[in-house]
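# Breakdown of the fold
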Amino acid sequence: MANQYNDTQLQELFTEMDVKHRKRALKGAFRREANQVRRTAINNLRSSLHSNRDLEKGIRAIVFKKAAGFRVTIGTKKANRKTGKGEKGMHINRQGLKKPVLIWAEGGTEQRKTKTKTRVFVRERRGHNTGRMKRYGFMRKTQTDVRDKVTADLRNEIVESVTKTANKYGCK
């Protein structure tokens, strides 16, 4: 057989820790690994598209609260009601809805024309092309780059985080 992983010492530390400290240790490990994946996604965005800081802030790492795991996603934070800040990577479309620009950059858009009839008067007019955005696919590239690496790195991060938290709170 190949190398067997022996985690008896880790299990002993884990059972000796308080529930709150266990949760903190696991979340810390997931957060660190999620930030690594986020950095990879930002580097892929930079290589495929001339981005700025506002677009890079649209790639977010979310650690799940109730379950063990994380997600790296495209989106922007909602605006703060008091200051109005937080929607730099948003575009307001014709319907007045706010759409993240990175979603269009990931999947691309199709060539299409505007409407040829108006709502008030039924008259014909020529529609104009809205253009198209090519597909950059930086998140799909990130997924293929990171798929095999995450599981190995996550195991190391969890072991390191549990031992660090156990030492901090006086477990053997």
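Here, every reference points to the structure presented above.
Here is a short report on the structure shown in this document. Keep in mind that what you see is a predicted model, and the values were worked out from it rather than measured. (Residues numbered from 1 in each chain as written. Predicted model: local features only at pLDDT ≥ 70, side-chain atom pairs only at ≥ 80, totals over all residues. Heavy atoms only, no water.)

Moving on to the packing of helix H2 (residues 19-48) against helix H5 (residues 138-168). The packing of two helices is summarised by the inter-axis angle and the distance between the axes. Running from N to C, H2 and H5 cross one another at 155°; their axes reach a closest spacing of 8 Å. By the angle class used here, H2 and H5 are roughly antiparallel. Regarding H2 and H5, the two cross each other, and that crossing is right-handed. Across the contact of H2 with H5, the residue classes tally to 14 nonpolar, seven polar and six charged. (Axes fitted to C-alpha atoms, helices over the stretch in contact; angles between N-to-C directions. Helix = DSSP H or I, 4+ residues; strand = E, 2+ residues; numbered from the N terminus. Parallel < 35°, antiparallel > 145°, perpendicular 65-115°, else oblique. Left-handed = near helix turned anticlockwise from the far one by under 90°. Nonpolar A, V, L, I, M, F, W, Y, C, P; charged D, E, K, R; others polar.)

Side chains of Lys-20, Arg-24, Lys-164 and Lys-168 sit close together on the surface and give a patch of like positive charge. Contributing elements (two or more residues each) for the positive patch: H2 and H5. With respect to the helices and strands, Lys-20 occurs in helix H2. (Patch = residues over 30% accessible without salt bridge, like charges linked within 9 Å, V, L, I, M, F, W, Y side chains within 5 Å. Areas by Shrake-Rupley, 256 points an atom, 1.4 Å probe, with all protein chains shown as cover. Salt bridge = Lys/Arg side-chain N within 4 Å of Asp/Glu carboxyl O. Lys, Arg positive; Asp, Glu negative; His and termini not counted. Charge placed at Lys NZ, Arg CZ, Asp CG, Glu CD.)

Let's shift gears to the nonpolar core. In this structure, Leu-45, Ile-59, Leu-102, Phe-138 and Met-139 are the most contacted members of the largest nonpolar core, which totals 15 residues. For this core, the secondary-structure elements that each account for two or more residues are H2, strand S2 (70-74), helix H4 (101-107) and H5. Core analysis: the next-biggest nonpolar cluster, separate from the first, contains six residues, Leu-13, Met-17, Ala-25 and Ala-166 among them. (Core = buried A, V, L, I, M, F, W, Y, C linked by side-chain atoms within 4.5 Å. Buried < 20%, exposed > 50% of the residue type's maximum accessible area, 1.4 Å probe, protein only.)

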